[in-house]
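Analysis of the macromolecular model
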Protein chains: 2
Amino acid sequence: MNEIKIFCPATIANLNCGFDVLGLCLEGIGDEMIFRKTSQKGITISKITGADLPLETNKNVAGVAALAIYNTINPDFGIEIEIHKKIKAGSGIGSSSASAAGAVFCVNELLGKPYSKNQLVDFAMKGEAIASGSEHADNVAPCLLGGFTLVRGYNPLDVIRIDSPSELFAVVLHPHIEVKTSDSRAVLKPEISLKSAITQWGNLGGFIAGLYTKDYNLLGRSLQDVVIEPLRKHLIPNFDLVKNNALQNGALGAGISGAGPSIFALCKGQETAEKVAYAMSNSYQETGIEFDMHISKINPNGVIEIKK
Amino acid sequence: MNEIKIFCPATIANLNCGFDVLGLCLEGIGDEMIFRKTSQKGITISKITGADLPLETNKNVAGVAALAIYNTINPDFGIEIEIHKKIKAGSGIGSSSASAAGAVFCVNELLGKPYSKNQLVDFAMKGEAIASGSEHADNVAPCLLGGFTLVRGYNPLDVIRIDSPSELFAVVLHPHIEVKTSDSRAVLKPEISLKSAITQWGNLGGFIAGLYTKDYNLLGRSLQDVVIEPLRKHLIPNFDLVKNNALQNGALGAGISGAGPSIFALCKGQETAEKVAYAMSNSYQETGIEFDMHISKINPNGVIEIKK
C-alpha cells in the first residue's frame, strides 16, 4: 500500500454519567485524510483544507500522532499527509481526536499493520495531548474503535468497546460559540460529595447494562449526570431549555458533548431523533446564535478507509 | 398454600468498586425460615433459633419486613414465623437482609404472589432499615433476585439483575470480631476527589461489562476500590495480608464484604477458589482471631422454597 484515504468520524466524549470514561462514535460527520508514502524519510504535512492549522509536523495534532507511531518503527520511507477538516475545532465533538486517530490509523496501514486498534488508541493520545494539554482517550477511543467505548483506566490503558443497540440515534446541536477549555476546566471542583459519586456510578453501571441488554428505557433512566453537567451547563446558552425540549419530545436522555458547547441527545429510532432535532433547533433559534444540527446513528466502525 | 419453608442466602454488598450499588448472592450459606398461616390476624414470631433476636414483631427485622407487605393487603388470616439463623449477625454478609428478604418472599407466597420480586426488594428495605438505620437495597436485592445486582438508583428503586459467569466463585473469610456500624461509617469521608470518583466509575463500568461478556480478566482488572477500602481496611486486622495472599494465589480480586469484617475474594474455577481459601486462612491464623471460611458459587436463584 502506497496511499490511503480515510474518513475519521466525530465523537461524543464525557457522555453524561460517564465523564472522562464513556464515549460514542458518530456517523456522517467527520474529516477526510490522505496519507502517501514518500521516498524522503519523516512525516510532512502537504495540504490542509477546511481549517487554519499549522503545517509543521510537530505542532499539528495529526503530525504528532503520526510521528508517535512512525518513530517506533523508523521505516525506510517517509509519509506526507493531506488533511481535509470537516469537524469544526472547538465544537466538542472530537475535532482534534479525529485528526489524531486518523493519523495513527493511516500510518499503521502504511507500515503494514504492526499494531492493533487498541494499541493505536495509545499512540493517538500522544497527538491529542498537544490539543488538550493532557493525554486522554475518551475521544480517540470511539473514533478508532467505533460504537461505544469505556476507558476503564490508564496505566496501562484499558479500553472496552461495546456495540450500540441498533436503533440508537444521536442528535447533536453545535452552537457556534467558543467555550474556552480553561473555562470548562475552571468550573469543575476537585472534590465531589460521596453521595453524588455513588449516584453517578450507579447510573454509569446502569448505562453499561443497558447497552448490553439493549434496554432503551434503562439507557434513558441512567442518563443523569449529577456531577459535571450542573457545573458546566451555565457555559452553554439555553442548555436547560434545549435539554428539556429534547426529553419532552421523546429523547432517552441528553447532555453536554465533550466539554461543550455541543449538546447531544440520544433517541430510539430515526423518527424520534428527527422530532427531537426539530425541537432542539426551535429552542435554540431564540438565542440568535448560529448552530449546526446533526442526526446520526451510532457508527459501528470508527475510522475507515475510503476506496476511491 | 398454608405453610412455606425457605432458604434465604447470605450476600456480599458494597462489592469493591461498586460501593452502595453492587452485590452478589452466595450459595450454601443462609438461614431457614418457616411461615405458617394462622386464624388470628397479624404477624407473630413463634420461634427463633441460632441467634438472640427479639420475638416482638415490630422490633424484629423479619417481623417488620413481613408487616410492610402484609399490611398492604390486610388478608383475613395471620402469619406466624419461625426463624432459624445460620448467618451470624454483624458478619458483613447480609444477616439481617436475609431475614428481611426471606420474610417478604414468604408473605408474598402466602398472599398468593401479588408482588414481583423487584417489588419485594422495596418491602424488604423496610425491614432492613431497622437493622441498619437506613433503607438500602444492596443486600436484600441480591438475596431476593440471585446473581449480581446493581442498584442503579432509588426514587423509584431501580434494580438490575445480572447473571454471573458460570465459573465464578466467591471465597469469604469471616473474622469473629465486631466492627461497629458507627465505626465503619465514621471513617468514610463526605467528599471524595473527582479523580478517585472517575477511577471508581471506570472500574464499575468495566466490572459490569465483564459480567456481560464473561471476561474474567476484565472482572479482575476492574476489582479496584480506591474510595472506600483504603479507609475501612484498617478496621480489619491483617486485611492487606489476606488480600495480597488471595491475589498471589490467583484470585481475580478481593475486598471488604459489606461494611466488614468479612473479606471476600472472587475466583475463576473451584480449584483456584480452594487454593485462595487456603492461602487466606493461612494468613489469618497468625492473628489468633477465630474465623469461618466459605467457598461458594454465585447463587443464581436467591431466596428459594425448600420442599419438605
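Thresholds, definitions, all that
Residues numbered from 1 in each chain as written. Chains lettered and ligands numbered in written order. Predicted model: local features only at pLDDT ≥ 70, side-chain atom pairs only at ≥ 80, totals over all residues. Heavy atoms only, no water. UniProt positions renumbered as here; feature names shortened; annotations may be inferred. Domains from an automatic or database assignment. Buried area = accessible area lost by both parts, 1.4 Å probe. Salt bridge = Lys/Arg side-chain N within 4 Å of Asp/Glu carboxyl O. Polar contact = N/O pair within 3.5 Å; in protein donor to acceptor, adjacent residues only side chain to side chain. Helix = DSSP H or I, 4+ residues; strand = E, 2+ residues; numbered from the N terminus. Nonpolar A, V, L, I, M, F, W, Y, C, P; charged D, E, K, R; others polar. Least-squares fit on C-alpha atoms with pLDDT ≥ 70 in both. Contact = heavy atoms within 4.5 Å. Buried < 20%, exposed > 50% of the residue type's maximum accessible area, 1.4 Å probe, protein only. Axes fitted to C-alpha atoms, helices over the stretch in contact; angles between N-to-C directions. Left-handed = near helix turned anticlockwise from the far one by under 90°. Pairing = 2+ DSSP bridges. Phe/Tyr/Trp six-rings, centres within 6.5 Å; stacked < 30°, edge-to-face > 60°. Lys NZ or Arg CZ within 6 Å of the ring centre and 35° of its normal.

In the nomenclature of an unreviewed UniProt entry, chain A corresponds to Homoserine kinase from the organism Flavobacterium macrobrachii. Note on chain A: under the UniProt heading Catalytic activity (unreviewed entry), the record states "L-homoserine + ATP = O-phospho-L-homoserine + ADP + H(+)". You can read under Sequence similarities (unreviewed entry) in the UniProt record for chain A the words "Belongs to the GHMP kinase family. Homoserine kinase subfamily."

What follows concerns the domain arrangement of chain A. A common way to state how big an interface is: give the accessible area lost once the parts meet. Residue and element names in this part refer to chain A. Per the domain assignment, the segments making up chain A are domain 1 (3-162 + 300-305) and domain 2 (168-297). Surface buried jointly by domain 1 and domain 2 totals about 2,300 Å² across both partners, of which 65% is contributed by carbon and sulfur atoms. The interface formed by domain 1 and domain 2 holds 1 salt bridge in total. In this structure, the salt-bridge partner of Lys88 is Asp292, at a minimum N-O distance of 2.6 Å. Run the count over domain 1 and domain 2 and you get 9 residue pairs in polar contact (both at pLDDT 80 or more). Of all elements in the fold, only β1 (3-12), β2 (22-38), β5 (148-153) and β6 (158-162) reach the threshold of two or more residues within the side of domain 1 that touches domain 2. Considering every element that reaches the side of domain 1 that touches domain 2, the biggest residue donor is β2, with 6 residues. Residues that form the side of domain 1 that touches domain 2 fall into these classes: 16 nonpolar, 9 polar and 2 charged.

Mapping chain A onto chain B leaves a residual RMSD of 0.0 Å; the transformation is a rotation of 180° accompanied by 0.0 Å of translation along its axis. What the superposition gives is, in effect, a two-fold axis relating one chain to the other. Residue by residue, 100% of the interface of chain A is reproduced at the interface of chain B, so both copies engage with the same surface.

The subject of this paragraph is the interface of chain A and chain B. Facing the 36 residues of chain A at the interface are 36 residues of chain B. With both chains or domains summed, chain A and chain B bury close to 2,700 Å², and 69% of this area falls on carbon and sulfur atoms. The tally of links between chain A and chain B comes to 2 salt bridges. Across the pair B:Asp158 and A:Arg221 runs a salt bridge whose closest N-O atoms are separated by 2.5 Å. Mapped by element, the contributors of at least two residues to the side of chain A that touches chain B are β5, β6, β8 (191-193), α6 (194-213) and α7 (216-222) of chain A. If you tally residues by element for the side of chain A that touches chain B, the top one is α6(A), at 14 residues. Of the residues belonging to the side of chain A that touches chain B, the class tally is 20 nonpolar, 10 polar and 6 charged.

Residue and element names in this part refer to chain B. Locating Arg36 in the fold gives a position in strand β2 (residues 22-38). Along the chain, Arg36 and Ile256 lie 220 residues apart, while their C-alpha atoms are 37 Å from each other. A polar contact is formed between the side chain of Arg36 and the side chain of Glu80, at a distance of 2.7 Å. Within the structure, the side chain of Arg36 is placed 2.9 Å from the side chain of Glu82, a separation counted as a polar contact.

With numbering aligned to this structure, UniProt lists the feature "domain: GHMP kinase N-terminal" (unreviewed entry) at residues 65-147 of chain A. From the first C-alpha to the last, residues 65-147 of chain A spans 22 Å; its make-up is 57% helix and 8% strand.

Right, let's get into unusual backbone geometry. Here the bond from A:Gly260 into A:Pro261 is cis, since omega is 5°, no more than 30 degrees from zero. With respect to the helices and strands, A:Pro261 occurs in the loop between β9 (253-256) and β10 (263-268). Cis geometry is adopted by the peptide bond preceding B:Pro156, which originates at B:Asn155 and carries an omega value of -5°. One non-glycine residue with positive phi stands out, namely B:Asp20, at about 75°. Along the polypeptide, B:Asp20 turns up in the loop between β1 (3-12) and β2. Note on B:Asp20: relative accessible area 29%, which makes it partly exposed.

Right, let's talk about the packing of helix α1 (residues 61-73) of chain B against helix α3 (residues 117-132) of chain B for a bit. Residue and element names in this part refer to chain B. Put simply, α1 and α3 touch, their axes get as near as 7 Å, and they point 140° apart. Read as a crossing pair, α1 and α3 show a hand that is right-handed. Contacts between α1 and α3 involve Val61, Val64, Ala65, Ala68, Ile69 and Thr72 from the first element and Leu120, Phe123, Ala124, Lys126, Gly127, Glu128, Ile130 and Ala131 from the second. The residue inventory of the contact of α1 with α3, partitioned by class, reads 10 nonpolar, 2 polar and 2 charged.

Residue and element names in this part refer to chain B. Strand order in this open sheet of 4 strands is β9-β10-β7-β11, and the pairing throughout is antiparallel. The two strands at the open ends of the sheet, each matched to only one other strand, are β9 (253-256) and β11 (291-297). Between one strand axis and the next, the sheet turns through 20° on average, direction left out of account. In this sheet, β11 lies alongside strand β7 (residues 168-175) in antiparallel orientation, the contact comprising 7 bridges.

Our focus in this paragraph is the UniProt feature "domain: GHMP kinase C-terminal" (unreviewed entry) in chain A. What UniProt calls "domain: GHMP kinase C-terminal" (unreviewed entry) maps, in this numbering, to residues 208-284 of chain A. Counting secondary structure, residues 208-284 of chain A comes out at 55% helix and 13% strand; the distance between its end C-alpha atoms is 31 Å.

Evaluated as defined, the whole model comprises 7 aromatic pairs over all chains. Look at B:Tyr284 and B:Phe291: their rings are 5.6 Å apart centre to centre, the planes differ by 75°, and that puts the pair in the edge-to-face class. Positioned over the ring face of A:Phe77 is A:Lys37, at 4.5 Å from the centre of the ring.

What follows is about the sheet that holds strand β11 (residues 291-297) of chain A. All names here are of chain A. On the basis of which strands lie adjacent, the open sheet formed by 4 strands has the order β9-β10-β7-β11 and antiparallel pairing. Strands at the two margins of the open sheet, each flanked by one partner only, are β9 and β11. Going across the sheet, the axis of each strand differs from the next one's by a mean of 20°, ignoring polarity. The pairing of β9 with β10 spans 4 bridges and is antiparallel. The residue bridging Ala254 from the neighbouring strand is Ala265, located in β10. Along the sheet, helix α9 (residues 239-248) contacts β7 (168-175), β9 and β10; its crossing angle with β9, the most-contacted strand, is approximately 160°.

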